[in-house]
Amino acid sequence: QVQLVESGGGLVQPGGSLRLSCTASGSIFSIYAMAWYRQAPGKQRELVAIITNGGSTDYADSVKGRFTISRDNAKNTVHLQMNSLKPEDTAVYYCNALIRTVLSGKGDYWGQGTHVTVSS
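Residues numbered from 1 in each chain as written. Predicted model: local features only at pLDDT ≥ 70, side-chain atom pairs only at ≥ 80, totals over all residues. Heavy atoms only, no water.

What follows is about the packing of aromatic side chains. One pass over the full model with this rule turns up 1 aromatic pair. Sitting above the plane of the Trp-110 ring, Arg-45 keeps its charged end 4.7 Å from the centroid. One cation-aromatic arrangement involves Lys-106 over Tyr-32; the distance from NZ or CZ to the ring centre is 4.5 Å. (Phe/Tyr/Trp six-rings, centres within 6.5 Å; stacked < 30°, edge-to-face > 60°. Lys NZ or Arg CZ within 6 Å of the ring centre and 35° of its normal.)

Its location among the elements puts Asp-89 in the loop between strand 8 (77-82) and strand 9 (91-101). Taking relative accessible area as the criterion, Asp-89 reaches 1% and is therefore assigned buried. Once you skip the residues sitting within four places of it in the chain, Asp-89 turns out to touch Arg-38, Arg-66, Phe-67, Ser-84, Val-116 and Val-118. (Helix = DSSP H or I, 4+ residues; strand = E, 2+ residues; numbered from the N terminus. Buried < 20%, exposed > 50% of the residue type's maximum accessible area, 1.4 Å probe, protein only. Contact = heavy atoms within 4.5 Å.)

Assignment of secondary structure puts Ser-25 in strand 3 (residues 18-26). By relative accessible area, which is 33% here, Ser-25 ends up partly exposed. Taking the C-alpha atoms as reference points, Ser-25 and Val-5, 20 residues apart in sequence, are found 8.3 Å from one another. Look past the residues within four positions of Ser-25 in its chain and what remains in contact with it is Gln-1, Val-2 and Gln-3.

We now examine a nonpolar patch on the surface. Taken together, the side chains of Phe-29, Val-102 and Leu-103 make up a nonpolar region of the molecular surface, amounting to roughly 400 Å² of accessible area. Looking at the secondary structure, you find Phe-29 in strand 4 (residues 28-39). Exposure remark for Phe-29: the relative accessible area of 61% places this residue in the exposed category. (Patch = residues over 30% accessible without salt bridge, like charges linked within 9 Å, V, L, I, M, F, W, Y side chains within 5 Å. Areas by Shrake-Rupley, 256 points an atom, 1.4 Å probe, with all protein chains shown as cover. Salt bridge = Lys/Arg side-chain N within 4 Å of Asp/Glu carboxyl O.)

Printed below as a string of structure tokens:
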């Protein structure tokens, strides 16, 4: 069984910064891509940023130049550094990972979500 646990959300003023982290644990054989999604109230979940196991990254246009995704493969952890935050970044942020487990093969796993609120 695999678990993704996120941390780092909270309330921040516009223009501020937050750093989200997500650690995968369990019977992990290997982790492929890791990503952050977000879902604002009344909206669909959207991809924010993704990073492959080789370190290639891609971002939603709305966060390019402000957010940076990184990963520590030795710790099965992915981070999202969010700078110059805007009220429209307010959402629940979810960690996602494509993981091959020891027993069950490859699967798509999600964290429980962490709230980010950007408000003055």
